[in-house]
Amino acid sequence: MSVNRCMSVFSRLQRHINSRTTRVTAGGFHASTGSGLLHKQHQTASAVCSRNVSSDSSPPKAPDTSLFVPVSLKADPSVDGSVGLELSQPLGKDELLKVLNRFYKKKEMQTLAADHGLDARLFHQAFISFRKYTMDSSSLPADLHIILSDICCGAGHLDDIYPYFMRHAKQIFPMLDCIDDLRKISDLRVPANWYPEARAIQRKVIFHAGPTNSGKTYHAIQRYLSAKSGVYCGPLKLLAHEIFEKSNSAGVPCDLVTGEERTFVDLEGKAAGHVACTIEMCSVTTPYEVAVVDEIQMIRDPSRGWAWTRALLGLCAEEIHVCGEPAAVDFIRELMYTTGEEVEVHTYQRLTPFSILDQAVESLDNLRPGDCIVCFSKNDIYSISRQIEARGLECAVIYGSLPPGTKLSQAKKFNDPDDPCKILVATDAIGMGLNLSIKRIIFNSLVKPNVNEKGEKQMETISTSQALQIAGRAGRFSSKFKEGEVTTMHRDDLPVLKEILSLLVEPIETAGLHPTAEQIEMFAYHLPDATLSNLVDIFVSLSQVDGMYFVCNIDDFKFLADMIQHIPLNLRSRYVFCTAPINKKQPFVCTSFLKFARQFSRDEPLTFDWVCRHVSWPLAEPKNIKDLVHLEAVHDVLDLYLWLSYRFMDMFPDTASIREIQRELDDIIQQGVRNITRLIRATDPSITSPTQTQFSKRGQTSGSSGTADSNLFIGNRGQRGQRGSEEMIGSSLASRLVKDGLLTPDLLRQLQREWSKDHSHPLKTERHSTNNKGKNKKKKK
């Protein structure tokens, strides 16, 4: 060996000795070259001290380690090559494997690792990775190689592996090294402190409490119109549009701001003193004299509640006028106590009465002008509207996925006293944002699909709050009906409805919160290799909230984050894309979202021509329900474009052209909805057969009634439907079905032929009947 080579090895040996003499720190564990017993004693003392300190304060929330995704390690070019080998001896793979497995099985090591964030799951994952690393690496760091060599030769202690194991664990699980910082970032216990501008002023909070149609919002809006400046925050675009038009009609210049639209009354684009917006779009930095926060009870909404919390805590207004159910009063008082602000409550009574009838409708033959049948699925909407028109009556149709223009058009048609349309079939989309002239609300069902705070979908009976919101649409003060009536379609549902409406609305107890883009960016700084979906999961896992708050459901956000994870986007752009309000159940909308993100990532603007090619514009009028559903999805895609255009103006430049074709598309959809019965008939002539009409309460409670976006033409067969069919047999069933439009003459002739054919084989018929009886007996057992 040359002199230079010897000197080089000697200097590296000296560095290694110094490094071993200096205490090696890993995960709070201090290891020296002494015996394992000293290590254990030192560790035990540290653990006791640590436990004593933590006992003085509330223990931090334990993270959900199933969310910790290991990072792939890359070869470190700074490793000292073969220095470890030169200073000791080669490592025998068999002996090394035995040493590592003994280390893994040692209970003290598992306990020590658990004290530093490695639970059993992470300890196992980290060990597998560490063992693979040490067994497969052609050259290990000198200090690790020498430690392992000493242990294999009996000159070292098994505990000496721990610091190097922890060093490796923190490389593959970087969140372990910054868990305290992550906890601080995700601490959501004092959200009032997030809005220093609002805390800098002493705001006056006025709560306008009352049921539907009590004039509570009217009184708040009057104060809004008389102020020098103001902001209205509503849950729906339709409500924001209504206040926008009302304000400007009253001579108070007002701008409109929604996720997809910015309308300035000033031709030069100068902001007016008043603005009507959807609640997610309200500014928490602009000062106003008066702010109106409508439908405050939605602060507990599992998905959108965070927007009401943000508005209530963050709006910079001298007066905050809150409108909503009386059940929210006590909670809002408590919430405002945390900001040092008192709440003044104004209580209102309903302006027109409504009564619960003692009889159910039971048959569509008993409908009257001014009736509104409320359904909770598109399937019911399609089925019932066709049956109504088969009776020679016209009906309007309103459901959630219709464009706002179409909803307003249908509402206008129903409200027009000169229009022959006197019946409305709608989902609970009528609960807010539409002024309708309804005499009688008829609940077709009392069961609807809901998403709970955990993001789980379930079928459940509507709440008292939901029932009152819908029932309150009957006999509105501004309509021609001075009294409202409420009932059900089915006799069995009526006592249930009466019980629901007799209960007090459950008091609101919690408000929603949501991680901000800034918080997620700070998480990403500490965890640069984590996916956005994983970052949000870890954030929610570590987040701490007090008893007044909950973290809103983020499933839709994660769904979109996972969808575009493979597309190269910076974190802020990725976050914005994932907050886009799209319906993930619509495949065409999801595909479009993916293509938008991909085009954006290439830094290629999404032009009008590009969008037209994607949606195959121009589009024809729908020929069946499937076409209508597709047109609704295209409308949502254009909404998505407009929503993104206000966040990335350079990349989505053609908003005016897109808005123009969206208006044309709205007209096409309106025409389709006017002819919805024809579309249903063209889609499936047998859609409204008795076995496909969802009139069975038992079928619905079993979860088979479907959601608004489930398969459109799948219905229930319940005992009520069967019983009704048996009762009809003796009263010219065929003529009744043909009259109701449930059976065409061609189908009737085909059934007659099949019936005759069956009776020509009496043995076959008898055998079939016997088999059915046997099956029925088994079912009874």
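For clarity, every value in this text was computed on a predicted model and none was experimentally measured.

Another point: the overall build of the chain. Looking only at helices and strands, the chain has 32 helices and 20 strands in total. Taking all 781 residues of the chain together, 48% fall into the buried category. The long-range fraction of contacts in the chain, counting pairs at least 24 apart against all pairs at least 6 apart in sequence, stands at 76%. On the chain, roughly 37,600 Å² of surface is accessible, and the fraction owed to carbon and sulfur atoms is 53%.

What follows concerns the sheet that holds strand E18 (residues 484-488). Across a sheet, paired strands are connected by hydrogen bonds in the backbone, their directions being either parallel or antiparallel. With respect to topology, six strands assemble into an open sheet ordered E11-E18-E15-E12-E14-E13, the strand pairing being parallel. Because the sheet does not close on itself, it has two edges, and the strands there are strand E11 (354-356) and strand E13 (395-398). Strand-to-strand, the axes of this sheet are offset by a mean angle of 20°, without reference to chain direction. Against the sheet, helix H18 (residues 493-502) makes contact with E11, strand E15 (440-443) and E18, and its axis sits at roughly 130° relative to E18, the strand it touches most.

To continue, consider the packing of aromatic side chains. In this description, a pair of aromatic rings is defined by centroid distance and the angle of the planes. A full pass over the atoms with the stated rule returns 18 aromatic pairs. Aromatic pair Tyr104 and Phe127: ring centres 4.6 Å apart, planes at 25°, arrangement stacked. With Tyr104 in helix H4 (residues 93-105) and Phe127 in helix H6 (residues 120-136), this residue pair connects regions lying 23 residues apart in the sequence. Residue Tyr104 is classed as partly exposed on the basis of its relative accessible area, which comes to 24%.

Looking at where Arg473 falls in the secondary structure, it is placed in the loop between helix H17 (464-471) and E18. One buried charge, Arg473, has no salt-bridge partner; the nearest side chain with opposite charge is Glu295, at 6.4 Å. Separated by 3.3 Å, the side chain of Arg473 and the backbone oxygen of Gly431 make a polar contact. With near-sequence residues (within four places) excluded, Arg473 lies in contact with Thr212, Ile430, Gly431, Met432, Gly433, Leu434, Asn435, Leu436, Ile438 and Ile441.

With respect to burial, helix H13 (residues 305-314) is a largely interior element, eight of its 10 residues being buried. Residues of H13 that are buried: Gly305, Ala307, Trp308, Thr309, Ala311, Leu312, Leu313 and Gly314.

Here we come to the packing of helix H21 (residues 555-563) against helix H23 (residues 587-601). Following both chains from N to C, one finds H21 and H23 inclined at 55°, their axes separated by 10 Å at the closest point. It follows that H21 is oblique to H23 by the angle criterion. Where H21 crosses over H23, the two elements pack in a sense that is right-handed. Residue-level inspection shows Phe559, Leu560 and Met563 of H21 in contact with H23, the latter providing Cys590, Phe593 and Leu594. The residue inventory of the contact of H21 with H23, partitioned by class, reads six nonpolar, no polar and no charged.

What follows concerns the confidence of the model for the chain. Parts of the model with low pLDDT should not have their predicted coordinates read in detail. Per-chain confidence: the chain averages 79 in pLDDT, with 76% of residues scoring 70 or above. Every residue in residues 687-731 is under pLDDT 50, and counting partners more than four places away or in other chains gives 94 contacts. Overall, residues 761-781 carries pLDDT values under 50, and its contacts beyond four positions in sequence, including any with other chains, amount to two contacts.

Counted residue by residue, strand E5 (residues 254-258) has five buried out of five residues, so it is predominantly covered. Every second residue of E5 is oriented toward a common face, with Cys254, Leu256 and Thr258 on one face and Asp255 and Val257 on the other, all of them buried. Where E5 and strand E7 (residues 274-278) come together, four bridges link them in parallel fashion. The residue bridging Leu256 from the neighbouring strand is Ala276, located in E7. The pairing of E5 with strand E6 (residues 261-263) spans three bridges and is antiparallel. Bridge pairing in E6 links Val257 to Arg262. Hairpin remark: E5 followed by E6, antiparallel, with two residues in the connecting loop.

For Met281, the location among the structural elements is in the loop between E7 and strand E8 (287-293). On the accessibility criterion, Met281 (22% relative accessible area) is partly exposed. In sequence terms Met281 and Cys233 are 48 residues apart; their C-alpha atoms lie 8.2 Å from each other. Among residues more than four places away in sequence, those in contact with Met281 are Val257, Thr258, Gly259, Arg262 and Arg647.

It is worth spelling out the nonpolar core at this point. A general feature of soluble globular proteins is that nonpolar side chains tend to end up buried together. Counting residues in hydrophobic clusters, the biggest one holds 161 residues, and the most contacted among them are Phe165, Ile296, Ile299, Ile332, Phe577, Phe596 and Phe652. By residue number, the principal contributor to this core is helix H25 (residues 625-645), which donates 12 residues. When residues no more than four places from it in sequence are discounted, the contact partners of Phe652 are Phe577, Phe596, Phe600, Leu606, Tyr641, Leu644 and Ser645. If you look at the next biggest cluster of nonpolar residues, it comprises 27 residues, including Cys421, Leu434, Phe443 and Ala471.

Attention now moves to the sheet that holds strand E10 (residues 343-347). Spatial strand order, E6-E5-E7-E4-E8-E9-E3-E10: eight strands in an open sheet with mixed pairing. Of all strands in the sheet, those with a lone pairing partner are E6 and E10, marking the two edges. Strand-to-strand twist across the sheet, computed as the mean angle between neighbouring axes with direction ignored, equals 15°. With respect to the sheet, helix H12 (residues 237-249) is in contact with strand E4 (230-234), E5, E6 and E7, its orientation differing from that of E5 by roughly 170°.

So, on to the pattern of salt bridges. The final tally for this structure, using the stated rule, is 26 salt bridges. Among the salt bridges present, the one from Arg199 reaches Glu341, with a minimum N-O distance of 3.9 Å. Pair noted here: Arg199 is in helix H10 (residues 196-199) and Glu341 is in the loop between helix H14 (329-337) and E10, with a separation of 142 residues, a long-range link. The residue Arg203 makes a salt bridge to Glu341 at a minimum N-O spacing of 2.9 Å. Of this pair, Arg203 sits in the loop between H10 and strand E3 (204-209) while Glu341 sits in the loop between H14 and E10, and the two are 138 residues apart along the sequence.

Bringing the packing of H6 against helix H8 (residues 162-172) into the picture now. Between H6 and H8, the shortest axis-to-axis distance is 9 Å and the interhelical angle comes to 105°. Taken together, the axis directions place H6 and H8 in an arrangement best described as roughly perpendicular. Along its contact with H6, which presents Phe123, Gln125, Ala126, Phe127, Ser129, Phe130 and Tyr133, the element H8 presents Tyr164, Phe165, His168, Ala169 and Ile172. The residue inventory of the contact of H6 with H8, partitioned by class, reads nine nonpolar, three polar and no charged.

Okay, helix H24 (residues 608-615) next. Along H24, the positions that sit buried rather than exposed are Trp610, Val611, Cys612, His614 and Val615. On its buried side, H24 packs onto H23, H25 and helix H26 (655-674). Residue Ser616 follows H24 closely and has a positive phi angle near 60°.

What follows covers the environment of Lys595. Following the sequence through the fold, Lys595 ends up in helix H23. Judged by relative accessible area, which is 35%, Lys595 ranks as partly exposed. Those residues in contact with Lys595 that lie beyond four places of it in its chain are Trp610 and His614.

Time to look at unusual backbone geometry. When glycine is set aside, most residues are seen to have a negative phi, and most peptide bonds are trans. Residue Pro618 is reached from Trp617 by a cis peptide bond, and omega for that bond is 5°. Within the secondary structure, Pro618 is located in the loop between H24 and H25. For Glu362, which is not a glycine, the phi torsion comes out positive at approximately 70°. Topologically, Glu362 is positioned in the loop between E11 and strand E12 (371-374). Notably, Asp603 is not glycine yet its phi reads approximately 65°, a positive angle. Residue position: Asp603 is located in the loop between H23 and H24.

What counts, and at which threshold
Residues numbered from 1 in each chain as written. Predicted model: local features only at pLDDT ≥ 70, side-chain atom pairs only at ≥ 80, totals over all residues. Heavy atoms only, no water. Helix = DSSP H or I, 4+ residues; strand = E, 2+ residues; numbered from the N terminus. Buried < 20%, exposed > 50% of the residue type's maximum accessible area, 1.4 Å probe, protein only. Contact = heavy atoms within 4.5 Å. Areas by Shrake-Rupley, 256 points an atom, 1.4 Å probe, with all protein chains shown as cover. Pairing = 2+ DSSP bridges. Axes fitted to C-alpha atoms, helices over the stretch in contact; angles between N-to-C directions. Phe/Tyr/Trp six-rings, centres within 6.5 Å; stacked < 30°, edge-to-face > 60°. Lys, Arg positive; Asp, Glu negative; His and termini not counted. Salt bridge = Lys/Arg side-chain N within 4 Å of Asp/Glu carboxyl O. Polar contact = N/O pair within 3.5 Å; in protein donor to acceptor, adjacent residues only side chain to side chain. Parallel < 35°, antiparallel > 145°, perpendicular 65-115°, else oblique. Left-handed = near helix turned anticlockwise from the far one by under 90°. Nonpolar A, V, L, I, M, F, W, Y, C, P; charged D, E, K, R; others polar. pLDDT = per-residue confidence, 0-100. Core = buried A, V, L, I, M, F, W, Y, C linked by side-chain atoms within 4.5 Å.

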